[in-house]
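# Coordinates in review
Here is how the chains run, residue by residue.
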Amino acid sequence: MDSDKLVHRRKPDFPVIRPRASDKKQHIPEVGVKSLELGKVIRLLEDPLTANLKERHLFVLKKLLKRSQIGFLLKELTCIAKILNICAEKVTDHPEYVPILCEALHICRLPFLKEKASDELNYTQDVIEFLSHMGCLMRVSHAEVRQQTVESVKSFYSCVAPKQLIDGTDRLAKPKPRTFPSGNRFSRLSLRLQPTSPGYRLQLLERSELAQTLLLSLATLEKQPAIKLQLLQTLQILSRSSDMNCALILNARGAEAICLHMNEPDPSGQVLFHSVEILWNLLERGSKEVTAQLSSMECVISLKEAFLQQLMNGSCNSDLQLRNNLLVITTLIAESLSSLLIESLFAKQLVVLATFPELKSSNPLVRNLKLAYNNENLKMKKLLLNLLVLMSKDFAALQLYKEESVMLALLTLVNPPAASSQRQSASHQWSSVQQKELQLQALATVCTIAPLMLADYTTHKGSTCLLLLLDRCVAQDAFFGRGHSSHDGGRRGSIKAEMRHCIRVLRSVTSLGEDSVNQDFCDQGTINQFLGILMQMEASPDEEDKLTLEIKADIQLILSALCENDMYRKELFGSEGVEMAIHFLKKGCDEFYSGLGHNVLILSTVDCVRSCIVGCYTTEDYFLAKEGACLLLDLLRSSPSGVHCNVLATLLELCDNSNTLSHILRWRDAGGHTAPRFLLQLWRDEEEELKVSRTQDGGIADPQRPIISQYHQEDSQLSFPANIPSAAVLEVSENLRLKIYLIFCKLGFQDLPGLSRKDYVTLSIVRRYLDFKVGEVWNEIRRELSLDGVRPITPDEEALSTICKATEDTARRVMAEQNSILEQQQKEDIGEEELMYTEIKSHWKQRELRAKSWDLYVSKTSNYEILKEVKAQREKYQDAAVHPTEYFVGQVTSVERAGAQGPAGLKLILARAPINAAGQDQVGATSQDPEYFSTVSD
């Protein structure tokens, strides 16, 4: 009875199994029927009346899979996913469904099929959900299903070119329909179907939950190591190919899960390798999130076990590389302040290993440890030294360093003993290149650790060790040879790289200001030694590079730290040090923006002048005799604004020497401007940058805010805590105005050379700067009390009001003084204008007289009657007076102002220029120009 029903219901279910024609018009209804088939199959599997018909289920499913041998249609994926899900649920009780699932997953390796080009867009969500359901099949405990699932996902990437793996959207050059032998019953159906591109499937895979699901299934594969290995390989491919896949894995705490399972029993020995590769891929795309997940105690212990296992048992090159990779991951974890390396005892083992083989230890970890002197072990040694730097941020780690004598081991690497007394053959020691690598790495480590472990550094005579190394470097040619690694800045000259790191360590130690350490330096003649090194490097014919400039700047900073508060050391600095400072000051700022480090060298030179020269009268006088003050002003003139503060501070301290003032007043720039005028221009530039309110002529615009900047006004509604300096106080140290004011206090405010009226206006503000600043601070106190709701008592309120009123009155007096200066300037301008007009009038009068004389001369030569009249008049005048009438034109040579107002108050001095009168003897004219009178007869 049941079999009859089965046969009766089967016939209408699969009408496309026997297609009747090849007409294209019949394909459309066929597809519609097939869509309906899947719905009937789902009902067959889910209907309670047919749920137990296992043979019927298997028959229908096999027919369905046979029909889909060329791939699943995009529009059928939703139904296919549901069918696979139902089969996965039945597998537990009916293992007969396992081959169905395996066959279906095998078909999933093929590209999905589309009937129209728009199917890829229309069925995007269906594909995403189908891929997510594929991952869910990992819940089936049967190894065959899990293996097929993993292999199917892996096959998605096996048929894609590397370029397509990158972008995931490249289409095939020309997709072709799949064809089958002529005997295949579905060949006609395949002619109208096109496969989707592999890139399309990978792009949608990133948007699905497949990566997360595969990761979560890792915990269920403890008893299936072969499948676990394949799953890790698949996750490695997923994490390598896409940032989105990495994000999905990290969202499921994938880094933590992989780290916790990488030490499980593994017959193949490949689980750890693939686990580390996955962690590497995740670190490349999300370092912070990965290290946060790996910082848990369980993960750190897992990393420790894996590292120690590889350290003790690894022998081949791949094992050593894997060990180093684990150490790099540990380094990234150590960068986090919340790492648990010390609590897990991993840090102690790493510290012991870092001191091996320089120090002998009874620790079981290194008691029987033998390491070959190869490149991989060299990398491990350098990684361990780098870990010492990273872990030094933790005080507990410093205690470990003291217990394990890390400083002694580092100094041994810096200054290694002779190889002949320590090792017997070249195979049991580092090569010279490897030794240089370790020496430079150790120097870089000491540079960070020595300031934190100063007691150990002093106990093991670190300064002596470094100075000996520096002597050896200087004794050799420091600018030739071949460098090693990145420590030489990418340049030739490994000895120069040693000098760089050695001096950097000394700078880090001396900058602490520890008297005992600095005194030990000076007792060994460090000051003269460093001065000699500086001048030796300056005398070198080689072109300056970044490394050389850094060494010079560091040496100057060391000298500054040694001499800053010690008069005796400044005397040791002496004339040789002054010559060095003068030499570098003369270089100027032409290469300030070269990018090689000239800017740092200029700043270190200025600091060296302030710390090593200023304060000692003998060196100051020698510095002034070498025109050092003028060089500082030249540097101030040519340097960028960021250097002005340091140069002005040095110049201000130098002004304590009375001999400095004459040098400053004598200085002139290229344009002939004096130092006071230049300083006042700096003041105006500073106020313009601060946006201080000023009039067009540079005067005070607001008497209530004579020197307050716009930025200070913006903070006027803020109240600062008692332990934080207010804006008015911070402003003193942040800009140049106070330093310029103090320099003028040394120079004086009267009889300054080379000032214009605008400079005098600015000078009136500079003179009252301290009064204005005091008033500004009191105004700020009053405002903050108001903001905090505090009312002072009446006497205090009156005092505050009086102080603020006095400041405002002072500002108004300065404004009146500025107006007087401007009025005087205006009067002088008017006087100069009147003088100019007087001179112009005189020139015009002279031109009129000359024109009149010429007209008379022309009339005498052209009219005989006029000539006779002139002659008669001349004879009459000769009889009447001995001296003839004489006319002259005056030229203004000087002008003085008398007490009267207007033109009457001007006293002019004229230069007399005689002009002959009209009746004067013609003989003179004739003698001057005879040709004019050649036609005139007496």
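What counts, and at which threshold
What you see as residue numbers is a count from 1 along each chain, following the sequence as written. Whole-chain, interface and lining totals are the exception, using all residues; otherwise, since this is a predicted model, local features are given only for residues with pLDDT of at least 70 and side-chain atom pairs are given and counted only at 80 or more. In computing side-chain properties, one takes all heavy atoms of the structure into account and sets aside hydrogens as well as water. Starting at the N terminus, helices and strands are each numbered in turn, a helix being any DSSP run of H or I of at least four residues and a strand any DSSP run of E of at least two. Burial classes: relative accessible area under 20% of the type maximum marks a residue as buried, over 50% as exposed, and values in between as partly exposed (1.4 Å probe, protein chains only). Two residues qualify as a contact provided that any one of their heavy atoms is within 4.5 Å of a heavy atom in the partner residue. Accessibility throughout is a Shrake-Rupley quantity obtained with a 1.4 Å probe, and a residue counts as covered only by protein chains that appear here. Values of pLDDT, the confidence the predictor places in each residue, fall between 0 and 100. Patches were defined on residues exceeding 30% relative accessible area and lacking a salt bridge, with like-charge contacts within 9 Å and nonpolar side-chain contacts (Val, Leu, Ile, Met, Phe, Trp, Tyr) within 5 Å. Definition used for salt bridges: Asp or Glu carboxyl oxygen within 4 Å of a side-chain nitrogen of Lys or Arg. Here Asp and Glu are counted as negative and Lys and Arg as positive; His is not counted, and neither are the chain ends. The atom standing in for a charge is NZ when the residue is Lys, CZ when it is Arg, CG when it is Asp and CD when it is Glu. The rule is short: rings of Phe, Tyr and Trp, with Trp giving its six-membered ring, pair when the centres are within 6.5 Å, and they are stacked under 30 degrees, edge-to-face over 60, tilted in between. Two limits define a charge over a ring: the Lys NZ or Arg CZ must be within 6 Å of the ring centre, and within 35 degrees of the ring normal. Counted as a polar contact is a pair of N or O atoms within 3.5 Å, where, for protein atoms, one must be capable of donating a hydrogen and the other of accepting one, and residues adjacent in sequence contribute only when both atoms are in side chains. To form a nonpolar core, buried Ala, Val, Leu, Ile, Met, Phe, Trp, Tyr and Cys residues must be joined to one another through side-chain atoms within 4.5 Å. Each residue after the first adds 1.5 Å to the expected span of a helix. To obtain an axis, a line is fitted to C-alpha atoms, over the contacting stretch when the element is a helix, and the angle between two such axes runs from 0 to 180 degrees between their N-to-C directions. Orientation categories follow fixed angle ranges, with anything under 35 degrees roughly parallel, anything over 145 roughly antiparallel, 65 to 115 roughly perpendicular, and all other angles oblique. Each residue gets one of three labels, nonpolar for Ala, Val, Leu, Ile, Met, Phe, Trp, Tyr, Cys and Pro, charged for Asp, Glu, Lys and Arg, and polar for the others, Gly among them.

Helix and strand counts for the chain stand at 47 helices and four strands. Going through the 938 residues of the chain one by one, you find that 46% of them count as buried. Taking contacts inside the chain between residues at least 6 apart in sequence as the whole, the part at least 24 apart equals 75%. Roughly 47700 Å² of accessible area belongs to the chain as shown, and the carbon and sulfur atoms make up 53% of that amount.

Turning next to the confidence of the model for the chain. A residue-level look at the chain finds 83% of positions with pLDDT of 70 or above and a mean pLDDT of 82. Low pLDDT, under 50, characterises residues 161-189; the predicted model gives this stretch 44 contacts beyond four residues in sequence or across chains.

What follows is about a negative patch on the surface. Together, Asp-829, Glu-832, Glu-833 and Glu-834 give the surface a local cluster of negative charge. Here Glu-834 lies in helix H45 (residues 794-862).

Here we take up the environment of Met-138. Mapped onto the fold, Met-138 is located in the loop between helix H7 (124-136) and helix H8 (143-158). As for Met-138 and Thr-220, which are separated by 82 residues in sequence, their C-alpha atoms are 8.9 Å apart. Setting aside chain neighbours within four positions, we find Met-138 in contact with Arg-146, Thr-149, Val-150, Leu-214, Ser-217 and Leu-221.

Glancing now at the packing of aromatic side chains. One pass over the structure, following the stated rule, counts 10 aromatic pairs. Between the aromatic rings of Phe-307 and Phe-346, the centroid separation amounts to 6.0 Å while the plane-to-plane angle is 55°, which identifies the pairing as tilted. Taken as a pair, Phe-307 in helix H18 (residues 297-313) and Phe-346 in helix H20 (residues 346-354) lie far apart in primary sequence, 39 residues in all. By relative accessible area, Phe-346 is classed as buried at 1%. Measuring from ring centre to ring centre gives 5.5 Å for Trp-683 and Tyr-769, while their planes differ by 85°; the resulting arrangement is edge-to-face. Of this pair, Trp-683 sits in helix H39 (residues 675-690) while Tyr-769 is found in helix H44 (residues 769-787), placing the two residues 86 residues apart along the sequence. Both residues of the pair, Trp-683 and Tyr-769, belong to the buried class. Through a chain of ring-to-ring contacts, the aromatic side chains of Phe-72, Phe-112 and Phe-130 assemble into a single cluster. The ring of Phe-112 carries Arg-201 above its face, with NZ or CZ at 5.6 Å from the centroid. If you follow Arg-847 out to its NZ or CZ, it ends over the ring of Trp-844, 4.5 Å from the centre.

Tracing the backbone through its elements, the reader meets Ser-560 in helix H32 (residues 546-563). Residue classification places Ser-560 among the buried positions, given a relative accessible area of 2%. Among the polar contacts made by the side chain of Ser-560, one reaches the main-chain carbonyl oxygen of Gln-556 at a distance of 2.9 Å. Only 3.4 Å separates the side chain of Ser-560 from the backbone nitrogen of Cys-608, close enough to count as a polar contact. If we skip the residues at most four places from it in the chain, Ser-560 touches Ser-604, Asp-607, Cys-608, Ser-611 and Cys-612.

With that settled, consider the nonpolar core. Tyr-401 and Leu-559 are the most contacted members of the largest nonpolar core, which totals 137 residues. Ranked by the residues each element gives to this core, the list is headed by helix H22 (residues 375-391), at nine residues. Residue contacts for Tyr-401: discarding those within four places in its chain leaves Val-351, Leu-387, Leu-388, Met-391, Ser-392, Val-406, Ile-449 and Met-453. Counting residues in hydrophobic clusters, the runner-up holds 87 residues, among them Ile-80, Cys-87, Ile-258 and Leu-279.

Here the focus is H18. End to end, H18 covers 24 Å across 17 residues, agreeing with the expected 24 Å (1.5 Å per residue, within 8%). Buried residues of H18: Cys-299, Val-300, Ser-302, Leu-303, Lys-304, Ala-306, Phe-307, Leu-308, Gln-310 and Leu-311, and no others.

A few words now on the packing of helix H29 (residues 494-510) against helix H30 (residues 515-523). Any two packed helices are characterised by the angle at which their axes cross and by the distance between the axes. Contact geometry for H29 and H30: axes closest at 9 Å, N-to-C directions at 135°. Judged by the inter-axis angle, H29 sits oblique to H30. Across the interface between the two elements, Leu-506, Val-509 and Thr-510 from H29 touch Val-517, Asn-518 and Phe-521 from H30. Of the residues belonging to the contact of H29 with H30, the class tally is four nonpolar, two polar and no charged.

Attention now goes to unusual backbone geometry. The omega torsion across Phe-356 and Pro-357 is 5°, close enough to zero to call that bond cis. As for its placement among the helices and strands, Pro-357 is situated in the loop between H20 and helix H21 (364-367). Positive phi values are uncommon outside glycine, yet Ser-405 reaches one of about 55°. Inspection of the secondary structure puts Ser-405 in the loop between helix H23 (395-403) and helix H24 (406-414). Residue Ser-405 is classed as partly exposed on the basis of its relative accessible area of 28%.

This part takes up H29. Spanning 17 residues, H29 covers 24 Å between terminal C-alpha atoms, matching the ideal 24 Å at 1.5 Å per step. Burial runs high along H29: 15 of the 17 residues are buried.

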